[in-house]
Amino acid sequence: MAVVRQDRTELARFLPVVQNMVIQELRVRYQRSVLGFFWTLLHPILMMSILAMVFSQLFKTAVKDYAIFLFAGMVPWNFLAASLNDCAFCIIQNEGLIRKIYLPKLVFPLAKVLTNLTTFLLSLGALFIMLKPLGAPISWSLLFLPVAIALFALFALGLGMIVAVANTFFRDCGHLVSVFLQAWYFATPIVYEMSMMPEEVRWRFSLNPAFPFIRMFQVILRDGQFPQLTTVLVAAGIAAASLGIGYAAFKSHEDKLVFRL
Amino acid sequence: MKTNWYSDSDPARAVERKPGAAAAAPLVELRDVSLRFVSYTDKQYSLKRAAIDLLLRREGPPPSTDFWALRDINFSIAKGERVGIVGTNGAGKSTLLRMLARIYPPTSGTVTVRGNVAPLIEMGAGFNPELSGNDNILLNGAMLGIPRKEMLAKVKGIYDFTGLAEFADLPLKYYSSGMYMRLAFAIATEVDPDVLLIDEALGAGDAAFIDKAKARIRGLLDRSHVVVIVSHDLAALREMCNRGIWIKKGRMVADGPIDEVIDAYLAETAPAKAG
C-alpha cells in the first residue's frame, strides 16, 4: 500500500510530463498534413465506411443495423489495439530519456494510453455524427458511456503495463502482440454478432476478457439501452484484475528496465 | 523528500529514520552500494537459439557477462559540501553520478538522497527539439518535479543568465549546441536543487560562459546545497570543490580534502609529472 501511495504522489508530480507527452504525440501525428487534427475524425469514418460496405455485403442483413453495430464495436477495439501496440514499445522508444533522467516509468504506458484515449474520444464523436443519419437511437443510455469508457481504459492500461514490461525483456513480444491482437479481434464479436454463432460454442465468449467491454458499447450505441448489470460488474471485475496484475508486473520489474535497454 | 532504493537481492535492508533527525542527516548517503551490469551480449538468446544449441549439442549457458561497475561504495555528503570525483576513464565515476540521479538502482546496498536532485549528466536530457525554448523550460522543470507555477516564476531568471530571451519562441532544434548547453545549465541551476550533479558540464561553451557558470555554481553552494562534480579538469575541481573522492575500477580509493585526493591521484596516474 505504501508503494501505491508513493506512486500516486510521484505521478501527481509528474503529471505535466504525461500531459506534455500526450500533446506532443498528437501534434506530431498530424503535423504538416493539410487537414491536421481533423484526420482523427475523418480516418475512422472512412475506415469504417469501407468495412461497413464490405461486411454488409458478406453478411447481408443478418445483423440489425449492421453499420452501427460495426462502428460500436470497432471504435473501442481500435483504441485497445493501438494502446497495446504503442505500450509494447513505449519503454524502448524512450530509451534516451530513461538513461538520462529519472522519471517514474509508469509515465510511459500511461501517456500512450491517454494519447489513444484522446483519439478514441474523438472517434466516438465522429461516430455520433454518423449515428444520426443511420438511424441509431439517441437515448439516455448514452449517459452510461463515460463509465464504459473509463472501465475499458483501465483494462487497456493494465494490459499495456504488462506488454510494456514483457517486450522490454523479450523483444520478440512486440511482434507477437500485433499477431495476438488480430486473433483476439476475430475472437470477439465485432464484425459478427454472438447470436450468429451456433448455440453450443457461445459459452466461449464468456472466456474472452474483452467481450463484456465491447458488449457494453454495442448495447449502448446500437440498442440504445443500458447494459445489463452483470455485464457491467463483470467488466469492472476484469478491469480491476487487469490493472492489479499489470501494476504488480510493472512495479516488480520497474527497476530492472533501465538495464535492459 | 526521501528516496530509498533496494536491490532485488536484499530488499529488507531499509534504513528507517525519524523525521526529526532529517535536518541533521546528510543529504546524500550511500551504504555498501554495489552495481552489477549484466551485458546481454546475445540478445537473441531465445527459443530458436536454445533449439539450435540443443541440435548441435552445444553447451548452452546464457551468453551473458557481468561486471561490477561499482563495488562497496560508502560515503555520505552533508550540506554545503562540494565533492569532486576523480578517476580514469571507465572507473565508474559517471555510473556513480547516475546512481545518485536515480537512473540506475543499485544491485545491493542502499542509496538515500534527500531533497530534489538536478542532474546535469547529459546536456538537454528531456529536452524536446520540436518545442520552443520557453516550452522546454517548463517541460524540463516538470521532469525535475517542479510545479508549473514555480517554474513560470523562474523563466525570467533563466533568460537573464543565458541571454536567450530573443530565442524564447524558437524551436529547440534550431539552437546551436552552445545555446542548448547554456539553457540546460541555466535550468538545472535556476531550480535551486538541493543536490546538483554535474558530469563534465564545464567543457563546452565559450570562455565567458564558463566563468559565469563557475560563479553560478559558487552561488548555489553559498545557499548550502550539495554539488557533486565529475570531471577530468583537475584544476577546476581544485578550485570549486572542498572534498574529493577517487574511484578506481569501481572501488573508492580515497576520500578526503580535494587537494590531497588529487595529488594522490596525480602521483599514481602521471608519476613523471608529479615528481
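Residues numbered from 1 in each chain as written. Chains lettered and ligands numbered in written order. Predicted model: local features only at pLDDT ≥ 70, side-chain atom pairs only at ≥ 80, totals over all residues.

Novice: When you look at the overall build of chain B in this model, what are you seeing that I'm missing?
Specialist: Counting its regular elements, chain B contains 9 helices and 10 strands. Taking the contacts inside chain B whose residues are at least 6 apart along the sequence as the reference set, 73% of them involve residues at least 24 apart. (Helix = DSSP H or I, 4+ residues; strand = E, 2+ residues; numbered from the N terminus. Contact = placed C-beta atoms within 7 Å.)

Novice: So what exactly am I meant to see when it comes to the interface of chain B and chain A here?
Specialist: It is common to report an interface's size as the accessible area lost on association of the parts. Between chain B and chain A, the residue contacts involve 21 residues of the former and 18 residues of the latter. Taken together, the elements giving at least two residues each to the side of chain B that touches chain A come down to β2 (28–40) and α3 (133–143) of chain B. Among the elements that take part in the side of chain B that touches chain A, α3(B) stands out by supplying 3 residues, more than any other. Considering only residue class, the side of chain B that touches chain A consists of 12 nonpolar, 4 polar and 5 charged. (Nonpolar A, V, L, I, M, F, W, Y, C, P; charged D, E, K, R; others polar.)

Novice: Before we go on, may I ask you to explain the confidence of the model for chain B in this structure?
Specialist: Note that predicted coordinates carrying low pLDDT should not be read in detail. Residue and element names in this part refer to chain B. Residues with a pLDDT of 70 or more make up 77% of chain B, whose mean pLDDT is 78. Highest mean pLDDT in chain B belongs to strand β9 (residues 243–248) (92); lowest belongs to strand β1 (residues 2–5) (42). In this model residues 1–22 is a low-confidence stretch, pLDDT under 50, and it forms 31 contacts with partners more than four residues away in sequence or in other chains. (pLDDT = per-residue confidence, 0-100.)

Novice: Which parts of the structure should I look at to understand unusual backbone geometry?
Specialist: All names here are of chain B. Residue D72 is not a glycine yet carries a positive backbone phi of 45°. By the element assignment, D72 lies in strand β3 (residues 64–77). Looking at D72, the number of C-beta atoms within 10 Å reads 15, which means it is partly exposed. Not every positive phi belongs to a glycine, and K249 is a case in point at roughly 50°. Relative to the assigned elements, K249 resides in the loop between β9 and β10 (251–256). Accessibility expressed as a C-beta count within 10 Å gives 15 for K249, which makes it partly exposed. (Buried ≥ 20, exposed ≤ 12 C-beta atoms within 10 Å, placed from the backbone.)

Novice: Help me understand the packing of helix α2 (residues 15–29) of chain A against α3(B) in this model?
Specialist: Remark: α2(A) packs on α3(B), axes separated minimally by 8 Å, with the N-to-C direction vectors making an angle of 135°. Judged by the angle between their axes, α2(A) and α3(B) are oblique. You can see that α2(A) and α3(B) cross each other, and the crossing is left-handed. Across the interface between the two elements, A:P16, A:V17 and A:N20 of α2(A) pack against B:L139, B:A142 and B:M143 of α3(B). When its residues are assigned to classes, the contact of α2(A) with α3(B) shows 5 nonpolar, 1 polar and no charged. (Axes fitted to C-alpha atoms, helices over the stretch in contact; angles between N-to-C directions. Parallel < 35°, antiparallel > 145°, perpendicular 65-115°, else oblique. Left-handed = near helix turned anticlockwise from the far one by under 90°.)

Novice: Help me out: how do you make sense of the environment of A:Y192 in this one?
Specialist: Residue and element names in this part refer to chain A. Summarising the element assignment, Y192 is placed in the loop between α9 (173–187) and α10 (211–223). According to the C-beta neighbour criterion, Y192 is partly exposed, with 19 such atoms within 10 Å. Placed 47 residues apart in sequence, Y192 and A239 show a C-alpha to C-alpha distance of 24 Å.

Novice: Would you mind going over α2(A) with me for this structure?
Specialist: Structural remark: α-helix, 3.6 residues per turn; residues separated by three or four positions point the same way. Its 15 residues give α2(A) an end-to-end C-alpha distance of 21 Å, which sits within 8% of 21 Å, the value for a rise of 1.5 Å per residue. Along α2(A), the positions that sit buried rather than exposed are A:V17, A:V18, A:N20 and A:M21. Considered in projection along α2(A), the buried side chains sweep an arc of 160° and stay on one side of the axis. Those residues of α2(A) that are buried lie in contact with α7 (107–134) of chain A together with α3 of chain B. (Expected span 1.5 Å × (residues − 1). Arc of directions from axis to C-beta.)

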